[in-house]
Amino acid sequence: MSAAVALRERVRARAAALGFVRVGFTDATPLHDARGRLEAWLAAGRQGDLAYLATGDDRADPRALLATARTVVSVALPYAGRPVALRRSAGGPPLVGIVARYAVGADYHRVLKDKLELLRAGLAEELGSPVAARACVDSAPLLERAAAERAGVGFIGKSTMLIAPGLGTYFLLGELLLDVELPPDATPVASGCGRCTACLDACPTGAFVGPYELDASRCVSYLTIENPGPIPRPLRPLVGTRVLGCDVCQDVCPFNASSSPRPAAPELSPRPELDVPRLLDWLALGAASYRKLVRRSALRRLGKAQLQRNAAVALGNAGDPAAVPALVRTLEADPSPLVREHAAWALGRLGGEDARRALVAAVERDADAAVREEARLSLGG
């Protein structure tokens, strides 16, 4: 075994000790094929309002992030992939929503970056000299799934998710760009999707244009997280009670089927208020309760009004008239027109005399034109 290979294996062992269940090494040359796919996707207008994807950042070139990069270490940190059933919470509001499972624990950005920094420090210790590095999570302008595929962590499936045979898709990717040359160690994993189209067929909003191509503007994750404005009216019923993200394409993937528990990083263990989000509490969020809810969580990327908007849509889809009084109060008094608009829609879904009176009042008196129009539509006008 050469010295470089021995060093790589020691780095792999350190990564495993940090909880990473897949570790791959590749060089830092540009991801030319992935760049072409991104450009074609953008040209087709599949990005919705994700304007940052069309900026001057070269997401296919690791050296755009670290000019001296020679190696990309791609790692996978698992999170709990167990199904979270919609259920009533004992002693509390009966209406609960669904949060994508990667987001029910601590903020994975911080968790991954801390672990990657420890990995860099371990390599510097091995070498006895400083190491220039850049830790990347999904917020960095890098095509991380393509980098992970080239590093042999898994293959990109028809869902556009990275699939690692034996592990599935319930993991978060991170990359460590290094100015140290560590030998690539794997041949890319061959696609295992075959004729399966379970993910495409199950998508609640029909967001897949076809295999390997997602229309972001229809994806529930985009609609509930990336989208800062109104959720398009035809898509609202399809969102269901999901208030942040969506796991459907993962839930149905055969690679996630397992008769025994899969590994999960303890740092990403679910927080009760996110694992079983109480929709009436989310609808009524104040400034202090919002800060408490999103503190040290991936939810902090959403504003308070976005979370309330999502809660209003989920309450409309839940079909429980017990939500009407809270939605009426929201329509009458919430300072955000975005929230009032979606509360009006939810009241139209739930119906009843109290809902009708509130909608009539909104048509007559709300200061925002979009809210007045939504109330009118919700009355059947």
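Every chain is numbered on its own, with residues counted from 1 as its sequence reads. Restriction of local features to residues with pLDDT of at least 70 applies here, the model being predicted, together with a cutoff of 80 or more for giving and counting side-chain atom pairs; totals for whole chains, interfaces and linings are based on all residues. Hydrogens and waters are ignored; side-chain quantities use all the structure's heavy atoms.

## Description of the overall build of the protein
Alright, step 1. Every helix listed is a DSSP run of H or I at least four residues long, and every strand listed is a run of E at least two residues long, numbered separately from the N terminus. When helices and strands are tallied, the protein shows 16 helices and ten strands.
Alright, step 2. Against the 2.2 N^0.38 benchmark of 21 Å for 381 residues, the protein shows a C-alpha radius of gyration of 23 Å, consistent with a compact globule.
Alright, step 3. Its C-alpha atoms give the protein principal-axis dimensions of about 80 × 45 × 40 Å.
Alright, step 4. Each residue's exposure class comes from its accessible area (1.4 Å probe, protein chains only) as a fraction of the maximum for that residue type: buried when under 20%, exposed when over 50%, partly exposed otherwise. Among the 381 residues that make up the protein, the fraction classed as buried is 51%.
Alright, step 5. Within the protein, contacts between residues at least 6 apart in sequence are counted, and of these 75% link residues at least 24 apart. Put simply, the radius of gyration uses C-alpha atoms, and a globule should come to 2.2 Å times the residue count raised to 0.38. Whether two residues are in contact is decided by their heavy atoms: any pair within 4.5 Å suffices.

## Re the pattern of salt bridges
Alright, step 1. Counted as salt bridges are all cases of a side-chain nitrogen of Lys or Arg within 4 Å of a carboxyl oxygen of Asp or Glu. Counted under the stated rule, the structure contains 27 salt bridges.
Alright, step 2. Put simply, Arg10 and Glu126 hold a salt bridge, and the shortest N to O gap is 2.7 Å. Placement of Arg10 in helix H1 (residues 3-17) and of Glu126 in helix H3 (residues 108-127) is noted, with a sequence separation of 116 residues between them.
Alright, step 3. Among the salt bridges present, the one from Asp114 reaches Arg110, with a minimum N-O distance of 3.0 Å. Remark: Arg110 and Asp114 occur in helix H3; sequence separation between them is four residues, near one turn of the helix.
Alright, step 4. The partly exposed category is assigned to Asp114, whose relative accessible area is 39%.
Alright, step 5. Note on Arg110: relative accessible area 48%, which makes it partly exposed.
Alright, step 6. What you see here is one network of salt bridges that share partners, running through Arg8, Glu9, Arg12 and Asp185.

## Details of the packing of aromatic side chains
Alright, step 1. Each Phe, Tyr or Trp ring (for Trp, its six-membered ring) is paired with any other whose centre lies within 6.5 Å, and the angle between the two planes then decides the class: stacked below 30 degrees, edge-to-face above 60, tilted in between. Evaluated as defined, the whole model comprises three aromatic pairs.
Alright, step 2. A centroid spacing of 5.6 Å and a plane angle of 80° characterise the contact between Tyr102 and Tyr108, whose relative ring orientation is edge-to-face. As far as burial versus exposure is concerned, Tyr102 and Tyr108 are alike and both buried.

## Here we look at the confidence of the model for the protein
Alright, step 1. With 95% of its residues at a pLDDT of 70 or more, the protein shows a mean pLDDT of 93.
Alright, step 2. In the model, residues 84-92 has pLDDT below 50 throughout and makes 17 contacts with residues more than four positions away in sequence or in other chains. pLDDT is a residue-level measure of predictor confidence that goes from 0 to 100.

## Examining the nonpolar core
Alright, step 1. Take the buried Ala, Val, Leu, Ile, Met, Phe, Trp, Tyr and Cys residues and link them wherever side-chain atoms come within 4.5 Å; each set so joined is a nonpolar core. Leu307 and Leu327 are the most contacted members of the largest nonpolar core, which has 101 residues in total.
Alright, step 2. Per-element accounting of this core gives the leading share, seven residues, to H3.
Alright, step 3. Setting aside its immediate chain neighbours within four residues, Leu327 contacts Leu283, Ala312, Leu315, Ala343, Ala346, Leu347 and Leu350.
Alright, step 4. Ranked by size, the runner-up nonpolar core spans ten residues in total, among them Ala148, Ala151, Leu167 and Phe171.

## Digging into the environment of Ala362
Alright, step 1. Tracing the backbone shows Ala362 in helix H15 (residues 353-365).
Alright, step 2. Under the relative-accessibility criterion, Ala362 is labelled buried at 5%.
Alright, step 3. Along the chain, Ala362 and Ala344 lie 18 residues apart, while their C-alpha atoms are 8.3 Å from each other.
Alright, step 4. When neighbours within four sequence positions are excluded, Ala362 is seen to be in contact with Leu331, Arg372 and Ala375.

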